[in-house]
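Structural characterization, general
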Amino acid sequence: MANKGLLIVVSGPSGTGKGTVCDLWRKEYPDIQYSVSATTRKPREGEQDGINYYFHTRESFEKMIEAGELLEWAEVYGNYYGTPLKKIQEKLEAGQDVLLEIDTQGAMNVKSKVPEGVFIYLVPPSMAELERRIRGRGTETEESLARRLGAAAAEIEIGKRYDYVVVNDTVEQAMEAFEVIRKAERCAVNRNMELLDSMK
Ligand code: ADP
Ligand code: 5GP
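Heads up: these notes are all about the structure in this document. Remember, it's a predicted structure, so these values are computed and weren't measured experimentally.

Every one of the 14 residues lining ligand 1 counts as a neighbour, but Gly15, Lys18, Thr20, Arg137 and Asn168 are closest to it. The contact in question runs from an oxygen atom of ligand 1 to an N or O atom on the backbone of glycine 15, over 2.8 Å. Interatomic distance of 3.2 Å between a side-chain N/O atom of arginine 133 and a nitrogen atom of ligand 1. Protein chains shield 74% of the accessible area of ligand 1, which is 560 Å² for the free molecule. Among the secondary structure elements, those contributing two or more residues to the shell around ligand 1 are α1 (18–28) and α5 (127–137). The greatest single-element share of the shell around ligand 1, amounting to 3 residues, is contributed by α1.

Next up on the list: the sheet that holds strand β9 (residues 164–167). Strand pairing in a sheet relies on backbone hydrogen bonds. The paired strands run either parallel or antiparallel. Strand order in the open sheet made by the 5 strands is β2-β7-β1-β8-β9, with parallel pairing throughout. For this open sheet the edge positions go to β2 (33–34) and β9, each flanked by a neighbour on one side alone. The pairing of strand β1 (residues 7–11) with strand β8 (residues 118–123) spans 4 bridges and is classified as parallel. Within β8, the position partnered with valine 9 by the bridge is phenylalanine 119. Along the sheet, α1 makes contact with β1, β2, β7 (98–101) and β8, crossing β7 at roughly 165°.

Rules behind the numbers
- Residues numbered from 1 in each chain as written.
- Chains lettered and ligands numbered in written order.
- Predicted model: local features only at pLDDT ≥ 70, side-chain atom pairs only at ≥ 80, totals over all residues.
- Heavy atoms only, no water.
- Near = heavy atom within 4 Å.
- Polar contact = N/O pair within 3.5 Å; in protein donor to acceptor, adjacent residues only side chain to side chain.
- Areas by Shrake-Rupley, 256 points an atom, 1.4 Å probe, with all protein chains shown as cover.
- Helix = DSSP H or I, 4+ residues; strand = E, 2+ residues; numbered from the N terminus.
- Pairing = 2+ DSSP bridges.
- Contact = heavy atoms within 4.5 Å.
- Axes fitted to C-alpha atoms, helices over the stretch in contact; angles between N-to-C directions.

See below:
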């Protein structure tokens, strides 16, 4: 009996490298389905609607909340971010693994609704390295940088509520750790009860 797909949730302080590691993971393992989030944040240089995010106005985002179209949503650094529900459900039902790259508030909301999800917390090798990475990305103002660094320390505490913690030393090592987790989770006994029953 085919298992349903895994809902894999990756969080970590802004600038840790979630996007970079997840992009490589999806490139190496194209069967992983990525959930494109909705946001009211303005697109960064090179970001495309429907690829990186679905870009919305606050009004249209609030309509999606009211219509129950989001699995979770949160206000992060002054903008709304949320996970469209319908596509995820279809993919999981079809046995595909779905990756969500979302903030800790959103992840904990998903955990309460989907406890069988796989929750991975990605951390930088150090806070000094985190600052270097955000500065190196060159996308934040000093104010936004300070806000993200200020939030990072408090966020680390929430990492204790995840199932796994991965250190993003090199992108390749972190990506391999993600894939090892995915493979192990597929073998978890509680996900294979039907298989065992079918062999009795
Ligand atoms: P996040 O999605 O967590 O906000 P990004 O993926 O945008 O983080 O990464 C932030 C910056 O750090 C980017 O400039 C990226 O190239 C760099 N980066 C990511 N992972 C590593 C790593 N393992 N070593 C060095 N730099 C990294
Ligand atoms: P960024 O603006 O750097 O793309 O993302 C800022 C934060 O929003 C990151 O921590 C990112 O993981 C989070 N985020 C992105 N999409 C979603 C989403 O759909 N829901 C929630 N709750 N957070 C999200």
